[in-house]
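Topology and contacts: notes
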Amino acid sequence: MPGLFAQRIGLLALMVSADQGDCPIRKVDALDLAQAEAFMPSMNDLSTQSLDDLTIDESSRPKAPKVPAATDMHRRQGRQLAAIHRHYLMEMAQIGAVLARIEAGEAPPENLRQIVLSLDMAENFRAFGNLCGRECQVLKFHHDIEGSDMFPRIEAAGGGMFREVVAKLLSEHEVVHELIIRLGRAAEALMEDPEEVNFVHAATTYRKLEEVVRSHFGYEETELAEVIGYYLGSI
């Protein structure tokens, strides 16, 4: 019987596959900001920090203790998390390509010419806002599952020897959640008022979120591969 994490990821895969189309620009609902903020009452308030100051401090990341009894089979099981992350990173790369195509305007590089835009730049801005809102939803869904299901199980494993790593991952989740909320707001503003200034704000916030998520995913995959496989069996 798959665990709660795997069941919810399966549900997410169905949600994503149902939304796929031939065109990378597609309509989606914006993030429910009230729902996102309701998840965060116990988190530190990062709302007053500038975008540049929202960092995850890679230098302070603790290393997870080795699991001497872990086998290659356990590590393969633990790498399921990396496979899930690759899906999100592919989605973000596609959105990044749309962003680059909009910024390139009438002279895109060859590899972006297959992304067909509207002749109305305001409509392109709205479409980018829709894509950002959708990505906020799926990333929040993923992190909510980790925080409520996977991390508590890992923290309890091995007599608590992974507690420092889990604490660091949770602190990084706070930064990701703050960026998700900011991007959700920027996306809503862009869809309501598709002006250049709103597009630039959404694009800057999106790129910051992508940078942070890529770093966070890499750390999480590296440090949790053995513990997921050995103590959780699968996700």
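Not measured: the values here are computed from a predicted model.

Moving on, we come to the packing of helix H5 (residues 121-156) against helix H6 (residues 163-192). For any two helices packed against each other, the geometry comes down to the angle between their axes and how far apart the axes lie. Viewed as axis vectors pointing N to C, H5 and H6 meet at an angle of 160 degrees, and their least axial separation amounts to 9 Å. Classified by the angle their axes make, H5 and H6 are roughly antiparallel. Pair H5 / H6 crosses with left-handed handedness. Looking at the contact of H5 with H6 residue by residue, the classes come out as 16 nonpolar, seven polar and six charged.

Counted under the stated rule, the structure contains 13 salt bridges. In this structure, Asp144 engages Lys140 in a salt bridge whose closest nitrogen and oxygen atoms are separated by 2.5 Å. Taken together, the positions of Asp144 and Lys140, both in helix H5 and four residues apart, correspond to about one turn of that helix. For Lys140, a relative accessible area of 7% gives the class buried. Here the salt bridges share partners, and the residues they tie into one network are Arg61, Lys168 and Glu172.

This paragraph deals with the nonpolar core. By size, the foremost hydrophobic cluster in this structure holds 38 residues, and its most contacted members are Phe128, Leu139, Tyr206, Leu209 and Val213. Listing elements by their share of this core, those giving two or more residues are helix H4 (80-104), H5, H6 and helix H7 (196-232). When residues no more than four places from it in sequence are discounted, the contact partners of Leu139 are Tyr88, Met92, Ile180, Leu209, Val213 and Phe217. Core analysis: the second largest hydrophobic core is formed by 17 residues, Ala64, Met150, Ile154 and Val165 among them.

Take the side chain of Asn198 next. Mapped onto the elements, Asn198 comes out in helix H7. Exposure remark for Asn198: the relative accessible area of 18% places this residue in the buried category.

Quantified by volume, the second largest pocket comes out at close to 240 Å³. When contributions to the lining of the second largest pocket are tallied by element, the ones reaching two or more residues are helix H3 (72-78) and H7. Among the elements that line the lining of the second largest pocket, the one with the most residues is H7, at six residues. Of the residues in the lining of the second largest pocket, the class split is six nonpolar, two polar and seven charged.

Moving on, we come to the confidence of the model for the protein chain. Per-residue confidence for the protein chain gives a mean pLDDT of 82, with 81% of residues at or over 70. A low-confidence stretch, residues 1-41 stays under pLDDT 50, and its non-local contacts, those more than four residues away or across chains, total 81 contacts.

Tracing the backbone through its elements, the reader meets Glu135 in helix H5. For Glu135, which is buried and forms no salt bridge, the nearest opposite charge comes from Arg134, at a distance of 4.2 Å. Look past the residues within four positions of Glu135 in its chain and what remains in contact with it is Tyr88, Glu91, Met92 and Ile95.

Quick notes on the rules
Residues numbered from 1 in each chain as written. Predicted model: local features only at pLDDT ≥ 70, side-chain atom pairs only at ≥ 80, totals over all residues. Heavy atoms only, no water. Axes fitted to C-alpha atoms, helices over the stretch in contact; angles between N-to-C directions. Helix = DSSP H or I, 4+ residues; strand = E, 2+ residues; numbered from the N terminus. Parallel < 35°, antiparallel > 145°, perpendicular 65-115°, else oblique. Left-handed = near helix turned anticlockwise from the far one by under 90°. Nonpolar A, V, L, I, M, F, W, Y, C, P; charged D, E, K, R; others polar. Salt bridge = Lys/Arg side-chain N within 4 Å of Asp/Glu carboxyl O. Buried < 20%, exposed > 50% of the residue type's maximum accessible area, 1.4 Å probe, protein only. Core = buried A, V, L, I, M, F, W, Y, C linked by side-chain atoms within 4.5 Å. Contact = heavy atoms within 4.5 Å. 1 Å grid on protein atoms, 1.4 Å probe; cavity = no way out; pocket = protein on both sides within 12 Å on 5 of 7 lines; lining within 4 Å. Points joined across faces, edges and corners; volume = space filled by probe spheres on them. pLDDT = per-residue confidence, 0-100. Lys, Arg positive; Asp, Glu negative; His and termini not counted.

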